[in-house]
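Observations on chain architecture
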Amino acid sequence: MVDTETFVPDAVEEIEAEIGDANAVIALSGGVDSSVAAALAYEAIGDRLTPVYVDTGLMRKGETDQIRETFDYMESLRIVDAKDRFLEALAGVTDPEQKRSVIGEQFIREFEREATDADADYLVQGTIYPDRIESEGGIKSHHNVGGLPDVVDFEGIVEPVRDLYKDEVREVARHLGLDEIVAERMPFPGPGLAVRVIGEVTEEKLAVARHACHVVEEELEEYEPWQALAAVIGKATGVKGDNRVHGWVVSVRSVESRDGMTARAQEIDWETLQRIQSRITGQNDNVARVVYDVTHKPPATIEYE
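Residues numbered from 1 in each chain as written. Predicted model: local features only at pLDDT ≥ 70, side-chain atom pairs only at ≥ 80, totals over all residues. Heavy atoms only, no water.

Notes on empty space enclosed by the protein
Following the criterion strictly, the structure yields 2 cavities of 30 Å³ or more and no others. Size it by volume and the second largest cavity reaches roughly 30 Å³. Forming the boundary of the second largest cavity are Gly30, Gln66, Ile67, Thr70, Phe71, Ile181, Val182 and Arg185. Taken together, the elements giving at least two residues each to the lining of the second largest cavity come down to α3 (63-70) and α8 (180-183). Here the element with the most residues in the lining of the second largest cavity is α3; it accounts for 3 residues. Here the lining of the second largest cavity is composed, by residue class, of 4 nonpolar, 3 polar and 1 charged. (1 Å grid on protein atoms, 1.4 Å probe; cavity = no way out; pocket = protein on both sides within 12 Å on 5 of 7 lines; lining within 4 Å. Points joined across faces, edges and corners; volume = space filled by probe spheres on them. Helix = DSSP H or I, 4+ residues; strand = E, 2+ residues; numbered from the N terminus. Nonpolar A, V, L, I, M, F, W, Y, C, P; charged D, E, K, R; others polar.)

Thoughts on the UniProt feature "binding site: ATP" (unreviewed entry) in the protein chain
Mapped onto the present numbering, the UniProt feature "binding site: ATP" (unreviewed entry) falls at Ser29, Gly30, Gly31, Val32, Asp33, Ser34 and Ser35. Lining residues of the second largest cavity drawn from the annotated set just named are Gly30. When you line up the elements, Ser29 lands in the loop between β1 (24-27) and α2 (32-45). Here Ser29 falls in the partly exposed class, since its relative accessible area comes to 33%. Residue contacts for Ser29: discarding those within four places in its chain leaves Ser34, Tyr53, Glu63 and Ile67. Of note is the side chain of Ser29, whose polar atom sits 3.2 Å from the backbone nitrogen of Gly31. (UniProt positions renumbered as here; feature names shortened; annotations may be inferred. Buried < 20%, exposed > 50% of the residue type's maximum accessible area, 1.4 Å probe, protein only. Contact = heavy atoms within 4.5 Å. Polar contact = N/O pair within 3.5 Å; in protein donor to acceptor, adjacent residues only side chain to side chain.)

Some thoughts on the nonpolar core
Across soluble globular proteins, nonpolar side chains have a tendency to be buried as a group. One finds Phe7, Ile19, Leu40, Leu58, Val124 and Ile280 to be the most contacted residues of the largest nonpolar core, which totals 83 residues. Looking at this core element by element, the count peaks at 8 residues for α2. Three or more residues apiece are contributed to this core by two domains, here domain 1 (4-182) and domain 2 (192-292). Ignoring anything within four residues of it in the chain, the contact list for Leu58 reads Phe86, Leu87, Leu90, Ile103, Phe188, Pro191, Gly192, Leu193, Ala194, Val201, Leu206 and Arg210. (Core = buried A, V, L, I, M, F, W, Y, C linked by side-chain atoms within 4.5 Å. Domains from an automatic or database assignment.)

Section: the pattern of salt bridges
Tallied over the entire structure, the rule returns 23 salt bridges. Across the pair Arg60 and Glu63 runs a salt bridge whose closest N-O atoms are separated by 3.1 Å. Residues Arg60 and Glu63 agree in their burial class; the two are buried. One salt bridge connects Glu110 with Arg113, and the closest N-O pair in it is separated by 2.7 Å. (Salt bridge = Lys/Arg side-chain N within 4 Å of Asp/Glu carboxyl O.)

A closer look at the environment of Phe7
Looking at the secondary structure, you find Phe7 in helix α1 (residues 4-19). Residues Phe7 and Gly247, 240 residues apart in the sequence, show an inter-C-alpha distance of 50 Å. Excluding residues within four positions of it along the chain, Phe7 makes contact with Val2, Leu40, Pro160, Val161, Leu164 and Val172.

Focus: the side chain of Glu112
Within the element layout of this structure, Glu112 appears in helix α5 (residues 96-118). Within the local environment of Glu112, its side chain forms a polar contact with the side chain of Arg109, the two groups lying 2.8 Å apart.

Some details on a negative patch on the surface
A contiguous patch of negative charge on the surface is contributed by Glu221, Glu222, Glu224, Asp269 and Glu271. Along the polypeptide, Asp269 turns up in the loop between β8 (264-265) and α10 (270-283). (Patch = residues over 30% accessible without salt bridge, like charges linked within 9 Å, V, L, I, M, F, W, Y side chains within 5 Å. Areas by Shrake-Rupley, 256 points an atom, 1.4 Å probe, with all protein chains shown as cover. Lys, Arg positive; Asp, Glu negative; His and termini not counted. Charge placed at Lys NZ, Arg CZ, Asp CG, Glu CD.)

Considerations on unusual backbone geometry
Put simply, Lys297 and Pro298 share a cis peptide bond, and its omega is -10 degrees. Among the structural elements, Pro298 can be located in the segment after β9 (287-292). Between Pro298 and the following residue, Pro299, the backbone shows a cis peptide bond with an omega angle of 15 degrees. Locating Pro299 in the fold gives a position in the segment after β9. The backbone phi angle of Asp119 is positive, close to 55 degrees, even though this residue is not glycine. Looking at the secondary structure, you find Asp119 in the loop between α5 and β4 (122-124).

What about the pairing of strand β7 (residues 243-256)?
Looking at chain direction, strand β6 (residues 227-240) and β7 are connected through 13 bridges and run antiparallel. Its bridge partner being in β7, Ala230 is matched across the sheet by Val252. Where β6 folds back onto β7 in an antiparallel hairpin, the turn is made up of 2 residues, including Gly241, whose phi is positive at roughly 65 degrees. Of the pairings in the sheet, the one linking β7 to β9 comprises 5 bridges and is parallel in character. For Ser251, the partnering residue across the bridge sits in β9 and is Val291. Relative to β8, β7 runs antiparallel, the two being bridged by 2 bridges. Counted as the bridge partner of Val255 is Ala265 from β8. (Pairing = 2+ DSSP bridges.)

Here you go:
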């Protein structure tokens, strides 16, 4: 485990040395990784840091409102509405790696635009060790690692938690006194719901995934999963009322893990699973069926893409 007593001052010193007297923007998502990176960077350079939250249209239900409420103490917080730009860039894209590449490039372009307004030369990110391992090992590209474009208009990218696992980042968050809603928050992928939609990203599939993920997180809270999610994985025949429908198939996933490098599918009782499927199919006319994923990591990854 990380020694927070030495890690925090060392990380602050490293950020100070790397950024110097320049300004920086921090890619703030509201998750624990970027929140810890923001807290460390703020301690290092103070008001020369501009936190930027990009609403990609790929976020969880109520995410933007939650960000605005949680980080309202940051007077320089910028919330960027980029939904149309992200969805336009993703139109027609079906390959998982290409999706990540498109999202990574679009993220960078958004932050370059904000950095110009803030006269910032550096970008701070909450990249953690598993992100780097999976990208460098070819398992999947993370939007903030392997998904970055070759040409980036920043003097440098600063990653203060790049050598930490998720559980270690949480330890640092607790040491820094971050709110529990941030420190203990369930992981959410940087590319957002785009990796919980198999194939092309459409507003219809995003709406289904967003609602289903909300249901799953609510219903499985008592199981205290490391991560719980729902994904739109295809279409199948179903019956709604007296009508035959060809609707979406939603896969539910809930895993236990320590650091995300390996994970075990949780055993969920039948009554809970039936309640989940009833809510998802009952509240989405275009969902034909719900399945539960029992695959561990390995051989599967936690997310679907």
